[in-house]
Amino acid sequence: MASFNLALEFLTAAFGPLGPLYAAAFAGFLMILISAPLAFKPKEDPFKKLRGSGGAMVIKGGPQKEAAVRLRYDGGGANLEKLAPFLEPKDQKEFSETRLKLIQAGYRARSAVSTYHLFRFVLGVGALALGTLSVFVRPDSPGLATVILSVLIPGCVGYFLPNYWVERRRQTRQEEVQNGFPDALDLMLVCVEAGQSLDQAILRVATEIRGSSPTLAEEYEVVANEMRAGKDRVTVLRDMAERCGVPDISSFVTVLVQSATFGTSISDALRVYASEMRDKRVMRAEEKANTLPTKLTLGTMMFTVPPLLIILVGPSIYDMSKTLF
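What counts and how
Residues numbered from 1 in each chain as written. Predicted model: local features only at pLDDT ≥ 70, side-chain atom pairs only at ≥ 80, totals over all residues. Heavy atoms only, no water. Helix = DSSP H or I, 4+ residues; strand = E, 2+ residues; numbered from the N terminus. Contact = heavy atoms within 4.5 Å. Areas by Shrake-Rupley, 256 points an atom, 1.4 Å probe, with all protein chains shown as cover. Expected span 1.5 Å × (residues − 1). Buried < 20%, exposed > 50% of the residue type's maximum accessible area, 1.4 Å probe, protein only. Phe/Tyr/Trp six-rings, centres within 6.5 Å; stacked < 30°, edge-to-face > 60°. Core = buried A, V, L, I, M, F, W, Y, C linked by side-chain atoms within 4.5 Å.

K.L.:
In this structure, what is going on with the overall build of the protein chain? I would like to understand it.
P.N.:
The secondary structure content of the protein chain amounts to 13 helices and 2 strands. Within the protein chain, contacts between residues separated by at least 24 positions form 59% of all contacts whose residues are at least 6 apart in sequence. On the protein chain, roughly 22,100 Å² of surface is accessible, and the fraction owed to carbon and sulfur atoms is 65%.

Next comes the structure, spelled out in structure tokens:
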């Protein structure tokens, strides 16, 4: 007990009244660092020998050697697969929503969900450690509320920063797809009316619009490759609408599916829908133009009204000050 009181007195004399709290926080952080490797240690896979023997090939002639044959391309996420049970959400609905959000943002790797949660964990813990370090190096003795805010705010910012980054990238990508879609429809209409099939038209459009809208060109290439691989056209088009997350693409897929179901002309459907998309693009541009005066009102008041008041009222105030004082 005496040694405990002596330790409390030492911490209070060295770090101020909050010295014991600093010591407890540092001890907790140290325990997290020590236990993290044990928590992330993967369980032994019972099929490890099976997978190892299934990917090996014996070379005959001379001494027998085993050459490992790669049956699947490794995109660099093999190390994250070991941490997947700890990084990926357990709820299937939450996992599907996160996966869809990352795909719509352009991250299609197999380990995208694990990488996303790994960044959230690393940035959150790193920012939390920086906040704790900033409290330790302060020359004064801050209060309890200041300590909590100095530690928690950086941790929350670091934890939610990847979510903000993915959401901004997703919005930018959807806006690019939405702006380039009317031109792609016009090109597709020209190709279909020239006698090409829908599959050939999609592949040609993907080649032609690569310079103006690379994101939409990439989506069209995925659709063309999946169709050539033998996947059902309706499924491929609906997958494209889900990957893009743009209402115009979903309506376009519905038009094509209905045209194929009822046997109507695809060129007529494309002509009508392309005209509607051009009108919608003009309406969006007009809507943004109409909101400009409202957005410029604040800037006008901040940068125009004060100088005008100084010019008009300044001389009068100067004369009054000279007369009165």
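K.L.:
Could you clarify how one ought to interpret helix 11 (residues 247–262) in this entry?
P.N.:
Owing to its 3.6 residues per turn, the α-helix brings residues three or four apart onto one side. With 16 residues, helix 11 should cover 22 Å at 1.5 Å per step; its first-to-last C-alpha distance of 22 Å lies within 8% of that length. Of the positions making up helix 11, those classed as buried are Asp248, Ile249, Phe252, Val253, Leu256, Val257 and Ser259. Those residues of helix 11 hidden inside the fold are in contact with helix 7 (144–193), helix 8 (198–208), helix 10 (233–244) and helix 12 (266–303). The positive-phi residue at the C-terminal boundary of helix 11 is glycine 263, with phi of around 75 degrees.

K.L.:
Looking at this structure, I do not really get the packing of aromatic side chains. What am I missing?
P.N.:
Both the distance between ring centres and the angle between the ring planes are used here to describe each pair of aromatic rings. Evaluated as defined, the whole model comprises 4 aromatic pairs. With a centroid separation of 5.2 Å and 85 degrees between ring planes, the pair formed by tyrosine 159 and phenylalanine 160 is classed as edge-to-face. Accessibility expressed as a relative area gives 37% for tyrosine 159, which makes it partly exposed. The exposure class of phenylalanine 160 is partly exposed, given its relative accessible area of 45%. Of the aromatic side chains, those joined through ring pairs into one cluster are Phe181, Phe252 and Tyr273.

K.L.:
Looking at this model, I keep getting lost on the nonpolar core. Mind explaining?
P.N.:
In terms of nonpolar packing, the biggest core is built from 35 residues, with Phe181, Met188, Tyr220, Ile249 and Phe252 touching the most fellow members. Contributing elements (two or more residues each) for this core: helix 7, helix 8, helix 9 (214–228), helix 10, helix 11 and helix 12. Of the residues forming this core, the biggest block, 8 residues, is contributed by helix 7. Here phenylalanine 181 is in contact with Leu216, Tyr220, Asp248, Ile249, Phe252, Tyr273 and Met277, once residues within four sequence places are set aside.

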